[in-house]
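Next come the chains, spelled out residue by residue.
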Amino acid sequence: MLPLIAGNWKMNMDIDQGAALVFRLRDLLRNVQAVEIVIAPPFTSLHHLNHLLADSGIKLAGQDLFWEKSGAYTGEISGEMLKSTGCKYVIVGHSERRQLFGETDETVRRKVVAALRHGLKPIVCVGETLDEREAGKTLSRVRTQVSGALSGLAGSAMKEVTIAYEPVWAIGTGKTAKSQEAEEVHNFIRELLHELFDRESVRNVRIIYGGSVKPDNIDELMAQPNIDGALVGGASLKAEDFARIAGFQRL
Ligand code: PEP
């Protein structure tokens, strides 16, 4: 499986700013090979950026979706709509959505099912808060989130799924989990997948890390055996930083 480096732009970049960033990324990432690169701009830019990304190999992701196909759901975006803009991936259950917009393990599960139904690959975010870590509840919290999000899925669907381990205390704070700390949780998630599904179905599931990933910590993170990529927030808004992260050095 190829490593996956995904940039989550969050609520940043209007259409012109996004286009400028994409032009720069196209240029800087031209020679990066054997890495799958995804960007998740705001919904409003997806359609336009899809045209600008043609033939670049860089793929698009939505930052969220709603599980219904269409109807009276003011403000929501369906999987079908994301698909029609050219998205291949969608981020589901980001901690900001859980904390600020009331997402639960059950809404995350419904969104994962909807993404798969529409042919979108879900990047399912899980991770503990600082309080949970300090109370020694990291692994139990991650277990609940992963098993909740994937509950009821057939093993055959798992080849489309990516798990993003993002400790909440490391997102946007400049604090990164030490590569060894992250590896411990990634290894736990890998074992959990083996418990929930047959080994063959989850062989190629990528478990990526997110939380203040930067050019100066990516190489060490990627050297860990169970870290298969990164979900990058702040640093994905700077073309040079994101390009350096996507072009990480294999130690
Ligand atoms: C994120 O939003 O998924 C994230 C990891 O943000 P940052 O890299 O800024 O911590």
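Report follows, based on the coordinates. Only a predicted model underlies this, so the values are computations on that prediction, with no experimental measurement involved.

Thresholds, definitions, all that
Residues numbered from 1 in each chain as written. Predicted model: local features only at pLDDT ≥ 70, side-chain atom pairs only at ≥ 80, totals over all residues. Heavy atoms only, no water. Helix = DSSP H or I, 4+ residues; strand = E, 2+ residues; numbered from the N terminus. Rg over C-alpha atoms; globule rule 2.2 N^0.38 Å. Buried < 20%, exposed > 50% of the residue type's maximum accessible area, 1.4 Å probe, protein only. Contact = heavy atoms within 4.5 Å. Areas by Shrake-Rupley, 256 points an atom, 1.4 Å probe, with all protein chains shown as cover. Disulfide = S-S within 2.5 Å. 1 Å grid on protein atoms, 1.4 Å probe; cavity = no way out; pocket = protein on both sides within 12 Å on 5 of 7 lines; lining within 4 Å. Points joined across faces, edges and corners; volume = space filled by probe spheres on them. Nonpolar A, V, L, I, M, F, W, Y, C, P; charged D, E, K, R; others polar.

**A look at the overall build of the protein**
Turning to step 1, where the next piece is worked out: Along its length, the protein carries eleven helices and eight strands.
Turning to step 2, where the next piece is worked out: Relative to the compact-globule value of 18 Å for 251 residues, the protein shows a C-alpha radius of gyration of 17 Å, a close match.
Turning to step 3, where the next piece is worked out: Taken along the three principal axes of its C-alpha coordinates, the protein extends 50 × 45 × 35 Å.
Turning to step 4, where the next piece is worked out: Sorting the 251 residues of the protein into buried and exposed places 53% on the buried side.
Turning to step 5, where the next piece is worked out: In the protein, the proportion of contacts linking residues at least 24 apart, taken out of those at least 6 apart, comes to 73%.
Turning to step 6, where the next piece is worked out: Summing over all exposed atoms, the protein offers an accessible surface of approximately 11,400 Å²; the carbon and sulfur share of this is 51%.

**Considering the state of the cysteines**
Turning to step 1, where the next piece is worked out: Under the defined criterion, the tally for this structure stands at zero disulfides.
Turning to step 2, where the next piece is worked out: Here Cys87 is not cross-linked by a disulfide; its sulfur's nearest cysteine counterpart is in Cys125, at 15 Å.

**Notes on the layout of surface pockets**
Turning to step 1, where the next piece is worked out: Of the voids in this model, the largest pocket is the one considered here, and its volume is about 530 Å³.
Turning to step 2, where the next piece is worked out: Lining of the largest pocket is provided by 20 residues; of these, Lys10, Met11, Phe43, Gln63 and Arg97 occupy positions nearest its centre.
Turning to step 3, where the next piece is worked out: Contributing elements (two or more residues each) for the lining of the largest pocket: helix 2 (43–52) and helix 4 (95–100).
Turning to step 4, where the next piece is worked out: Element by element, the count of residues in the lining of the largest pocket is highest for helix 4, at three residues.
Turning to step 5, where the next piece is worked out: Broken down by class, the residue content of the lining of the largest pocket amounts to ten nonpolar, five polar and five charged.
Turning to step 6, where the next piece is worked out: Estimates place the volume of the second largest pocket at around 200 Å³.

By themselves, these figures tell us nothing about what the structure is for.
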